[in-house]
Amino acid sequence: MTNNNYVEAKPKKKLKKLGILSTPYLVWNFFLIIIPSLILIVMAFTTYDFSSNSEFKISLSNWSYVFGSSYAKTVFWPAMGRSFLISFLVTVICFLFAYPTAYFMRFLNNKVRGIIMLLLVLPLWSNQVLRIVSWKTIFEIIGLNESGFYQFNIVIAMISMYLPYMILPIYSVLEKIDDKVIEASYDLGANKFETFFKVTFPLSISGIISGIIMVFLPSLTQFEVSDAISDRTIVMLGNLIYKRFKGTGGFNVGSVFSLITIIFTVMGFILVMRVDKEGETLI
Amino acid sequence: MKTNKAFTTLFTIILILSFTLIYLPVLVIFLMSFTKSYSLTTLGFSSGLTLKWYASLFTKDYSALDILYRYSSNIRTLKNAIFNTFAITLLSTSIATILGTMFSIGINALSKKKRTMMLTLNNMPIVTPDIVTGFLLLLVFVVLETIFGLKRGFPTVLIAHIFFSIPYVVLSVLPRLSQIDPNTYEAARDLGCSRMGALIKAIIPSILTGIISGAMFAFTMSIDDFVITMFVSGTRFHNVSTWIDNGWRRGYIPKTVYAYNVIIFLIAFIIILVNRSIQSKNRKVKL
């Protein structure tokens, strides 16, 4: 080990000159991630929103509006509850569909596997908004386009949209598991179930976590599905943000909603980075 | 043996169900693009079959195609949106691929600590929900508008698309880079290449497959983007996604866009198929 390191040390050092190529990326991300995040925080805690008549005054009024007023009781908390319930259901059902599908694909021969992979990425080329609109058509045709079914319909449409994002990362980690590892488990006397629960499943955890995050966060913040499927009657977290940005002078409260979303995003992000530092399961 | 068979059956059923769920809307779009009816609440087979939606993509004379007059201005704006989509996607994919490759070469040469920091920044936009990314970029552009008077539209959408495409290019190129011998660059320099020449002649060819798959990723994300585009595009600029959104909110979507969608789908199918067969041929040659 030490020997190897010694041999590699020299060229690596010289290579460092190339490191300068990444500096513009740091600047780029500074202006497009760090700066706007700071503006967002400032806007959440002040009354300034870039409009000409707004004052720069530090206040908690945005927060008390979201959490403390009658708005909280009638709009915010119900929307949060609904968003969490729906995205929880979508994530769980996606997982129940995705894991067996990915597992099954892992053991198919190369050619069939290639075709299934192709079929999995192809729908992403069909416009997402048009797919949502055609789910509305499907529910109309099968007679489920009634307000009583809206929440159910939203769940179905979201599963259809996000299922590939759960299957792909799980499949990519399952694919990397060496056949020899599984054979070794059998040779050591484990049966199929033991091999699955003690070898295959633990080795696929990083893919599962990426999949869960990649499905849960987008469904939590979806607004197009709920708007289209429910004719704008069902309000979710995403709809709250959308309305603030479409309406006039809503940036401050919108920033509060965004900050709440960012907190969940950071939690999910830390989780992903812990199991997958290089982000291999993200693409 | 018996449980084995039961499991295979169960897994096959789940696989079929998964694909049914994913493909049902795609199928509906396909069918609806061939029916005469304007209605979006039925498949419209009772109204008869037609190719007029496809024809309307390639002509300007909508009355000759028997398309209701009130839809013709929508079809015109759709064509505009299609043009925008391709302009944005082609430009942003090319720029993001070049920048992303350059950044990856840089990141690969960094020390472990800096590398982790850069990768954290890189992966953040991928995990962050589009609505938050869109809102953050909107804030940047609002500042730029206040200070420099930069109006939202084509340039802001282009910057946004480059922004969310680069991370995918980096994630595709980096694994390739870490596979190549770190001496390659130095060897090329010793053999008389300039810095630029060493990069282009020695490094780029060995990471080309990563660059191509990164570009494919960037293209796929950009051509279908909706949420981020909607946030940063202002009110006048539309790509196909924001055009459809705008259309259903007003209750008008000419099925021309269904025809467009089917054509794009088929083109993608052919491109991916050709790409795969080239790759498998290459593999055979190497073996």
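The structure contained in this document is the topic of the report that follows. (Residues numbered from 1 in each chain as written. Chains lettered and ligands numbered in written order. Predicted model: local features only at pLDDT ≥ 70, side-chain atom pairs only at ≥ 80, totals over all residues. Heavy atoms only, no water.)

## Considering the packing of aromatic side chains
Residues and elements named next belong to chain B. All chains considered together, the criterion is met by 42 aromatic pairs over all chains. Ring centres of F34 and Y54 lie 5.1 Å apart, and the angle between their planes is 25°; this geometry places the pair in the stacked category. Pair noted here: F34 is in the loop between α1 (2-32) and α2 (52-58) and Y54 is in helix α2, with a separation of 20 residues, a long-range link. (Phe/Tyr/Trp six-rings, centres within 6.5 Å; stacked < 30°, edge-to-face > 60°. Helix = DSSP H or I, 4+ residues; strand = E, 2+ residues; numbered from the N terminus.)

## Thoughts on the interface of chain A and chain B
Each partner contributes residues to the interface: chain A has 88 residues there, and chain B has 98 residues. Summed over both sides, the interface of chain A with chain B buries roughly 9000 Å², with 78% coming from carbon and sulfur. There are three salt bridges connecting chain A and chain B. Residues E224 of chain A and R249 of chain B are paired through a salt bridge, measuring 3.2 Å at the closest nitrogen-oxygen approach. Applying the counting criterion to the chain A and chain B interface returns 14 residue pairs in polar contact (both at pLDDT 80 or more). Among the elements that take part in the side of chain A that touches chain B, helix α2 (residues 23-45) of chain A stands out by supplying 14 residues, more than any other. Of the residues that constitute the side of chain A that touches chain B, the class distribution is 57 nonpolar, 20 polar and 11 charged. (Contact = heavy atoms within 4.5 Å. Buried area = accessible area lost by both parts, 1.4 Å probe. Salt bridge = Lys/Arg side-chain N within 4 Å of Asp/Glu carboxyl O. Polar contact = N/O pair within 3.5 Å; in protein donor to acceptor, adjacent residues only side chain to side chain. Nonpolar A, V, L, I, M, F, W, Y, C, P; charged D, E, K, R; others polar.)

## Here's the deal with the packing of helix α3 (residues 69-108) of chain B against helix α6 (residues 154-179) of chain B
Residues and elements named next belong to chain B. In contact at an axis separation of 6 Å, α3 and α6 are set at 40° when each is read in the N-to-C sense. When the interaxial angle is binned, α3 and α6 end up oblique. Both α3 and α6 take part in a crossing whose hand is right-handed. For the contact of α3 with α6, the residue count by class is 19 nonpolar, nine polar and no charged. (Axes fitted to C-alpha atoms, helices over the stretch in contact; angles between N-to-C directions. Parallel < 35°, antiparallel > 145°, perpendicular 65-115°, else oblique. Left-handed = near helix turned anticlockwise from the far one by under 90°.)

## A short note on helix α12 (residues 237-246) of chain A
Of all 10 residues making up α12 of chain A, seven are buried, and the element is well covered by its neighbours. Where α12 of chain A is concerned, the buried positions are L237, G238, N239, L240, I241, Y242 and F245 of chain A. (Buried < 20%, exposed > 50% of the residue type's maximum accessible area, 1.4 Å probe, protein only.)

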